[in-house]
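Each chain, written out:
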Amino acid sequence: MFVPESVPPSKRPCSKLMAPPRIGTHNGTFHCDEALACALLRLLPEYRDAEIVRTRDPEKLASCDIVVDVGGEYDPQRHRYDHHQRSFTETMSSLCPGKPWQTKLSSAGLIYLHFGHKLLAQLLGTSEDDSVVGTLYDKAGFKRAMNLVQEEFLQRLDFYQHSWLPARALVEEALAQRFQVDPSGEIVELAKGGCPWKEHLYHLESGLSPPVAIMFVIYTDQAGQWRVQSVPKELHSFQSRLPLPEPWRGLRDKALDQVSGIPGCIFVHASGFIGGHCTREGALSMARATLAQRSHLPQIS
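The notes below deal with the structure included here. (Residues numbered from 1 in each chain as written. Predicted model: local features only at pLDDT ≥ 70, side-chain atom pairs only at ≥ 80, totals over all residues. Heavy atoms only, no water.)

On to the overall build of the chain, then. Of regular secondary structure, the chain possesses 10 helices and 10 strands. Classification of the 301 residues of the chain by burial places 42% in the buried group. Across the chain, the fraction of contacts at a sequence separation of at least 24, relative to all contacts at a separation of at least 6, is 57%. Looking at the chain as shown, the accessible area adds up to about 16,800 Å², and 55% of this sits on carbon and sulfur atoms. (Helix = DSSP H or I, 4+ residues; strand = E, 2+ residues; numbered from the N terminus. Buried < 20%, exposed > 50% of the residue type's maximum accessible area, 1.4 Å probe, protein only. Contact = heavy atoms within 4.5 Å. Areas by Shrake-Rupley, 256 points an atom, 1.4 Å probe, with all protein chains shown as cover.)

Right under this line is the structure:
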C-alpha cells in the first residue's frame, strides 16, 4: 500500500513552543476547496487548535506552518499545498502510482492525499498500516467527500437565508411589542413558531430600552398548540433564566391543571424549560404565574 509521506510541521523556536500552529489560506471569497482542506487538517491532533490565517501577504504566509490553496507552491516537504500555479498538473494517479484517478487535484485533494491515511487511522483508532485504512481511503474517495461537504454547505446556506435571517425580523417585532404582551416586558410572543429565535434574541436584547431580561417566549407549535419556553441563561446552555415552577415539572393534563390552577395545560418538561397549553391565554398565564413567584425582577446590566 502506497502511503504519501506526511511531513511533520517544522520545529519552532523555543519562544513559540506554546503557540498553536498556523494554517494559512487566502482571504476574500472562500470556496469549499480550502474550507474542506482546513477542516481535514483540524481533525489531526497536531492541527486541532490551529489558527486559520486568511491572507495573500507572502510574509504572513511564510510564517504559517502549513499553507493551502494560496501561495503558488506545491512542496509537501515545506507543507505548501497550492494548485493554482500553471506548472501544477498532479493527479492522484501521478502522485500515487497504482491509483486510477486522473483528475487534477485541488488543494483539499492534496491534503487528502498527503494526510488522508493518517487522518483515517486517527479517526478509526488504528495504525496507518491497517488494511482497513487503505480500503476506506479509496472507498471514501475525495470526490465523494467534496460532494458531501458541498451539500452540507448549501444546506446551511439555505437555512441561514430562508430561516435564520427572516427570524431576526420576527424577533425584532416581538421585542418591539413585548409590553403589549405583558406589562413586565419580559414575555415575548413570536408570530411564527419553530423559527430560530435564540441567537437573535441575545443579540437584540442588549439594546432594549428600558433594559430588561426576557424570561419567556410563547409561540405555537406545528399542531397549533401553544408553547411557553424559558430563555436559556446562555445561547447553548441547558439552564433556564427562570424555569417553570418546580411543582409543575413532569406533570401533564389534569394533574398539571390542578397544581398550577390554570385549566387547559398540556405538559411541563421535567427540567421546567418548556411547557404547553391549549390556548395563547393559557400559555401566557403559565409565564405570568412563574414571574409572579419571583422575589425580584432581574435586569440586564
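That covers the picture; the talk isn't over yet.
With that out of the way, let us pick up the packing of helix α4 (residues 107-124) against helix α5 (residues 131-140). Between α4 and α5, the least distance of the axes is 9 Å, while the angle of their chain directions is 120 degrees. As summarised for this structure, α4 and α5 are arranged oblique, according to the angle between their axes. The handedness of the crossing between α4 and α5 comes out as right-handed. Across the interface between the two elements, Tyr112, Leu113, Gly116, His117, Leu120, Ala121 and Leu124 of α4 pack against Val132, Val133, Gly134, Leu136, Tyr137 and Ala140 of α5. A class-by-class count of the residues in the contact of α4 with α5 yields 10 nonpolar, 3 polar and no charged. (Axes fitted to C-alpha atoms, helices over the stretch in contact; angles between N-to-C directions. Parallel < 35°, antiparallel > 145°, perpendicular 65-115°, else oblique. Left-handed = near helix turned anticlockwise from the far one by under 90°. Nonpolar A, V, L, I, M, F, W, Y, C, P; charged D, E, K, R; others polar.)

Before going further, it helps to examine the packing of aromatic side chains. A full pass over the atoms with the stated rule returns 7 aromatic pairs. With 4.8 Å between their ring centres and 10 degrees between their planes, Tyr112 and Tyr137 make a pair best called stacked. You can see Tyr112 sitting in helix α4 and its partner Tyr137 sitting in helix α5, a full 25 residues away along the chain. Taking the relative accessible area as the measure of exposure, Tyr112 reaches 7% and is therefore buried. (Phe/Tyr/Trp six-rings, centres within 6.5 Å; stacked < 30°, edge-to-face > 60°.)

With that settled, the discussion passes to the nonpolar core. Core analysis: the biggest nonpolar cluster contains 28 residues, and Leu41, Tyr47, Ile66, Ile111 and Phe115 have the highest contact counts within it. Listed by contribution, the elements that provide at least two residues to this core are α1 (32-42), β3 (66-68), α3 (92-95), α4 and α5. No other element matches α4, which puts 9 residues into this core. Each residue touching Leu41, except ones within four places of it in the same chain, is listed here: Ile23, Tyr47, Ile66, Val68, Ile111 and Phe115. Among the nonpolar cores identified, the runner-up in size contains 21 residues, and Leu175, Tyr202, Leu208 and Tyr219 belong to it. (Core = buried A, V, L, I, M, F, W, Y, C linked by side-chain atoms within 4.5 Å.)

Another point: the pattern of salt bridges. Going through the model one piece at a time under the given rule, you end up with 12 salt bridges. The partner of Arg78 in a salt bridge is Asp75, and the shortest N-O contact between them spans 3.7 Å. Here Arg78 falls in the partly exposed class, since its relative accessible area comes to 40%. A residue is classified by how much of its surface remains accessible, and Asp75, at 23% relative accessible area, is partly exposed. Arg168 is paired through a salt bridge with Glu172; the nearest N and O atoms lie 3.8 Å apart. Within this pair, Arg168 and its partner Glu172 are both found in helix α6 (residues 142-176), separated by 4 residues, close to a single helical turn. A relative accessible area of 26% means that Arg168 is categorised as partly exposed. (Salt bridge = Lys/Arg side-chain N within 4 Å of Asp/Glu carboxyl O.)

Along α5, the residues that are buried comprise Val133, Gly134 and Tyr137. The arc that holds every buried residue of α5, seen down its axis, measures 95 degrees, which confines them to one face. Those residues of α5 that are exposed and angled more than 90 degrees off the buried face are Ser131, Thr135 and Lys139. Taken together, the buried residues of α5 touch α3 and α4. Looking at where α5 begins, the residue whose side-chain oxygen comes 3.0 Å from the main-chain nitrogen of Val132 is Asp130. (Arc of directions from axis to C-beta. Polar contact = N/O pair within 3.5 Å; in protein donor to acceptor, adjacent residues only side chain to side chain.)

Running from amino to carboxyl end, α1 crosses α4 at an angle of 15 degrees, the nearest separation of the two axes being 9 Å. In terms of axis orientation, α1 runs roughly parallel to α4. In terms of crossing hand, the pair formed by α1 and α4 is left-handed. For the pair α1 and α4, the contacting residues are Asp33, Leu36, Ala37, Leu40 and Leu41 in the first and Ser107, Ala108, Ile111, Tyr112, Phe115 and Leu119 in the second. Along the lines of polarity and charge, the residues of the contact of α1 with α4 split into 9 nonpolar, 1 polar and 1 charged.

Any functional reading would require information that these geometric values do not contain.
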